[in-house]
Amino acid sequence: MSLEFAIKGRAGTLSVEASGKLPDNGVTVLFGPSGTGKSTLLRMLAGLHACEGMIRFDDEAWQDEPAKTVLPVWQRPLGMLLQHPTLFHHLSVRGNIQYVQKRRGKGVNLEAIIEETRIGHLLDRAVHKLSGGEAQRVALARALVGNPELLLLDEPLSAVDLPHRESLLAMIQRVAQKVPVLYVTHSLDELLLLADQVWLMDQGRLTAQGPVTTALVSLTGPLAQRSDASSMLSGVCGSFDEADHLQTVLVDGAAFMVPLAQAKPEGALVRLRIAARDVSLCRVQPMQSSILNIHPVTVQEVTPTGAGQHLVKLALHSQTLLARLSSRSVRELNIMVGESLFAQVKAAALV
Amino acid sequence: MLSNGDWLALWVSIQLAFVTVLLLLLICTPLAWVMARRRWPGQALLEATLALPLVLPPSVLGFYLLLLLGPNGPGGWIGDLAGLRSLAFSFPGLVIGSVVYSLPFVLQPLKNAIANLEEDQLAMAAVCGAGPLDRFCSLVFPQARLGYLSAAMLGFAHTLGEFGVVLMIGGSLPGETRVASVALYEHVEAGDYANAHRLALVLLVASLLMLWGLFRWQRQRTSGSWL
């Protein structure tokens, strides 16, 4: 287990108390509304915000309650991105990279990192001449040059304009294959794209920790309560229909047709996002429907969400689909747990 | 040009200003830090006390310093250790007096510069592996360099211009405590206006050059043209 902690502290009037274990790799998204203490928790883990309790990393005590030991920030092998890139403004881009290289960049492959973050052409720039996206790429490069064994990212996209977010997210995803990443955000899009695990935070407490697919479809959880509640399916890319721009994605063998501008390489692992409101149910297999994706499913759970609506959790082979139906449909179709039905998926998108 | 005695007085002034500024930069760095970045009880009172030299007549300050440094005060037995009768009427005594007298002129710019440092810059430097001393040298000092330059220039110029305090605690021993401003005063007292003119002009031009250089540098810095 990479990071393990049980800590508490304060940020203004908010008391933050949390314990958890971070998986060895992949992205864990710390998700919750603004002002619930996500950034504070991240800073506590980094050692930038005072707290009580225990923090261990790879069997090394970063902070230990009875022994009262605290490993200072500059001795913790971590990299960090804040909401604003926070580059040292008295140094050039190169100076920023060298700052960390001198201190903890022993044996690091600088060329590869500069290549990966595409900052080669920026090295001699002054920091204030960078765009938000460029600056955050430099900040990511700077974090990676420090050989981090853990990356703590605090809403790193908030100062990055929309067109540049995707490439930065892709970089973070690649990094996460080697280094565990704890990623703070309140954006569901970022969660869907990045998360392997999700930690939900509310009013200073971690309310749930688990795989993203489970967190999304937990009917009592906050994610399913949202109007844009979605489920996520993992699939493998199949063939691409050039004429109709449809990409086949196999989800446990079930073929989904997804509209796409350009073909994905066959065999690529992808995630499909399916909004609960785009899923409807039929007792019999619909014939001659305009809807391309119709799959047999099993009802696992039915819950009213108020305002005349129900959420239905459906098993599609080993994965889970979410459907939002009107309460009247649920009653008239008499949908019961355990039944086999057909799910019509009106829209599925690659994330 | 200047007489040998006046050159010597000018040289004492410059030595005094140099040593004073050096000491003040060392003293005021931690002081400015705790004042700008911490809140603690009694802070306002200490700040007011340290700012007193801005408003007090220098003779008031000089009087208390004389009591403090003289043979009957703590300066007496500290002076004993150094083989002096007292710290008053000695160069070390002048340095102590100047440090007190010029402190606010060094403290204030440093405090402003340190208050303007961003918390997150310091945090990221720590995350990048820099310990406290390292952070000071690699981040705080370079980012606050304008404040340090202003502090040094103001402290230097102000110590050169010191008169009341040195008159009270310095005496006028040539080569030891006879500084330029006191030498000028003595020329005027003696009716030697020719020498008074020369010395006054040298002090005027030197001070103007220093302040002019400082303001030019500040203007360039704020317009960002040299970055």
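Remember, it's a predicted structure, so these values are computed and weren't measured experimentally.

Visitor: So what's going on with the pattern of salt bridges? Which residues, and what values?
Guide: A complete count under the given rule lists 15 salt bridges over all chains for this structure. Ionic pairing is found between Arg103(A) and Asp134(B), a salt bridge with its closest N-O pair at 2.6 Å. Within this pair, whereas Arg103(A) is found in helix α2 (residues 93-104), its partner Asp134(B) is found in helix α7 (residues 132-143), the two belonging to separate chains. Asp134(B) gets classed as partly exposed once you look at its relative accessible area, which sits at 27%. The partner of Glu301(A) in a salt bridge is Lys313(A), and the shortest N-O contact between them spans 3.4 Å. A residue pair is termed long-range when its members are at least 10 positions apart, and Glu301(A) in strand β17 (residues 293-306) and Lys313(A) in strand β18 (residues 309-316) qualify at 12 residues. The exposure class of Lys313(A) is buried, given its relative accessible area of 17%.

Visitor: Residues and numbers for the side chain of Lys111(B), please.
Guide: Residues and elements named next belong to chain B. For Lys 111, the location among the structural elements is in helix α5 (residues 91-115). On the basis of relative accessibility, which here comes to 16%, the residue Lys 111 falls in the buried class. There is a polar contact of 2.5 Å between the side chain of Lys 111 and the side chain of Glu 47. For Lys 111, the contacting residues outside a window of four places in its chain are Ala 32, Met 35, Ala 36 and Glu 47.

Visitor: Hey, could you go over the interface of chain B and chain A for me, with residue numbers and the actual values?
Guide: In this complex, chain B contributes 20 residues to the contact, which on the side of chain A involves 19 residues. Between chain B and chain A lies a buried interface of about 1800 Å² when both sides are counted; carbon and sulfur atoms form 65% of it. The largest contributions to the chain B side of the interface with chain A come from Met124(B), Val127(B) and Cys128(B), which together make up 35% of the buried area. Here chain B and chain A share 2 salt bridges between them. Counting across the interface, chain B meets chain A through 8 residue pairs in polar contact (both at pLDDT 80 or more). Residues of the side of chain B that touches chain A, tallied by class, amount to 11 nonpolar, 5 polar and 4 charged.

Visitor: Account for the domain arrangement of chain A, with residues named and values stated.
Guide: Residue and element names in this part refer to chain A. In terms of domain boundaries, chain A breaks down into domain 1 (3-217) and domain 2 (230-349). Centre-to-centre separation of domain 1 and domain 2, based on C-alpha positions: 34 Å. With 12 residues of domain 1 in contact, the opposing surface of domain 2 contributes 8 residues. For the domain 1 and domain 2 pair, buried surface summed over both sides reaches about 800 Å², with 57% attributable to carbon and sulfur atoms. Of all residues in domain 1, Leu 192, Leu 216 and Val 217 bury the most surface against domain 2, accounting for 64% of the area lost on that side. The interface formed by domain 1 and domain 2 includes 2 salt bridges. For Arg 271, the salt bridge identified is with Asp 196, shortest N-O distance 3.2 Å. For the pair domain 1 and domain 2, the number of links is 5 residue pairs in polar contact (both at pLDDT 80 or more). Every element with two or more residues in the side of domain 1 that touches domain 2 is listed here: α6 (188-194) and α7 (212-217). A class-by-class count of the residues in the side of domain 1 that touches domain 2 yields 9 nonpolar, 1 polar and 2 charged.

Parameters at a glance
Residues numbered from 1 in each chain as written. Chains lettered and ligands numbered in written order. Predicted model: local features only at pLDDT ≥ 70, side-chain atom pairs only at ≥ 80, totals over all residues. Heavy atoms only, no water. Salt bridge = Lys/Arg side-chain N within 4 Å of Asp/Glu carboxyl O. Helix = DSSP H or I, 4+ residues; strand = E, 2+ residues; numbered from the N terminus. Buried < 20%, exposed > 50% of the residue type's maximum accessible area, 1.4 Å probe, protein only. Polar contact = N/O pair within 3.5 Å; in protein donor to acceptor, adjacent residues only side chain to side chain. Contact = heavy atoms within 4.5 Å. Buried area = accessible area lost by both parts, 1.4 Å probe. Nonpolar A, V, L, I, M, F, W, Y, C, P; charged D, E, K, R; others polar. Domains from an automatic or database assignment.

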